[in-house]
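Examining the three-dimensional arrangement
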Amino acid sequence: MRHFTSVEDVNDIEKLIEIALNLKAVPKASEHLGKGKTMGIIFLNPSLRTRLSTQVAAQNLGMSPIVMNFSSDGWQLEFADGVVMDGNKAEHVKEAAAVMGTYFDVMGIRSFPGLKDKDEDYQDNVINQIKKYAGIPVISLESAIRHPLQSLADLITITEHKKVAKPKIVLSWAPHPRALPQAVSNSFAEWVLAAGYDLTITHPEGYELSEQFTKGATIEYDQKKAFEGADFIYTKNWSSFKDYGQVLNSDPSWQIDAAKMKLTNDAKFMHCLPVRRNVIVSDDVLDSESSIVIKQAENRIYSAQAVIEQILKANF
Ligand code: CP
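Residues numbered from 1 in each chain as written. Predicted model: local features only at pLDDT ≥ 70, side-chain atom pairs only at ≥ 80, totals over all residues. Heavy atoms only, no water.

Let's shift gears to the site of the ligand. What surrounds the ligand is the set Ser-47, Leu-48, Arg-49, Thr-50, Arg-110, His-147, Gln-150, Cys-272, Leu-273 and Arg-300. One of the side-chain nitrogen or oxygen atoms of His-147 is found 2.8 Å away from an oxygen atom of the ligand. Within the side chain of Gln-150, an N or O atom sits 3.0 Å from a nitrogen atom of the ligand. Protein chains bury 93% of the 250 Å² of accessible surface belonging to the ligand in isolation. When each cavity is represented as a set of grid points, the ligand is found to reside in the second largest pocket. Residue composition of the shell around the ligand, grouped by class: three nonpolar, four polar and three charged. (Near = heavy atom within 4 Å. Polar contact = N/O pair within 3.5 Å; in protein donor to acceptor, adjacent residues only side chain to side chain. Areas by Shrake-Rupley, 256 points an atom, 1.4 Å probe, with all protein chains shown as cover. 1 Å grid on protein atoms, 1.4 Å probe; cavity = no way out; pocket = protein on both sides within 12 Å on 5 of 7 lines; lining within 4 Å. Sits in = over half its atoms within 2 Å of the grid points. Nonpolar A, V, L, I, M, F, W, Y, C, P; charged D, E, K, R; others polar.)

Pairing is parallel in the open sheet, where five strands are placed in the order E9-E8-E7-E10-E11. If you trace the sheet from one side to the other, it starts and ends with strand E9 (218-219) and strand E11 (268-270), each paired once. Summarising the sheet, strand E8 (residues 199-202) and E9 pair through two bridges and their orientation is parallel. Bridging across to E9, Thr-200 finds its partner in Thr-218. (Pairing = 2+ DSSP bridges. Helix = DSSP H or I, 4+ residues; strand = E, 2+ residues; numbered from the N terminus.)

Just distances and angles here, no functional claims.
This is how it looks when you write it as structure tokens:
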């Protein structure tokens, strides 16, 4: 593995999950691999889980992590080619990425979409330019359109909790007051389908995700019907892909509550966090035994650790 920015960077998902679970059992098993190596962990946007779990993962592998909050501490970056840089943007990604490439051995970066221009966001320009100019392995800490470390952690968690080989997995939209990216949902669909699971996606009309990520999934506009017999309910809000970046609907009847969870096959409730209580999901679901959101967040360590370990093994 050279880079990790999508499921396509992974040869064998099942094997990667196995590696992650082995690291979870013995977190310092590969401590020697990263000795003397530095990992840059760069954020253009806020984070709790990704920031902390990636540092813990790098430290478990013996690496020295360096975290930078680029949005508040760095120069404003220019990503376009051939522009006259006489505005607010003081540094071009060509130099910034190349410089960071000389400081770090491996680098992770988070960059959210603008949610204004679909074509620009879906080119995933920021992470692709960092990959192009840094000259070192690059890991996505959530890009404009994908969040692969989250999806790997989600699959690790499903592996740990599934009672049958092919559980019914449902991705449900839920309301939110602000326009959120599609990245987590795109990635979850992409990884669940690539892992060979059946996936049902339920959302109000107008919230169809890009078919690039959902090809092979069942789309069900009736949320209650989708929940029938489900083993896992994965909830996330996303803004419209079709009416790009718009909040078309904030219908509270799409909130996940105990009555809906009763329609399932005693399903586990999943969410990547952070989650707005009593907007996305009711307290009684989030605080119930069915909720495995903290286990998901814990698995972010081993998702990152498995990926960084594979990169260290392949590149150094
Ligand atoms: N799930 C997730 O990526 O959390 P953070 O945004 O806090 O990193």
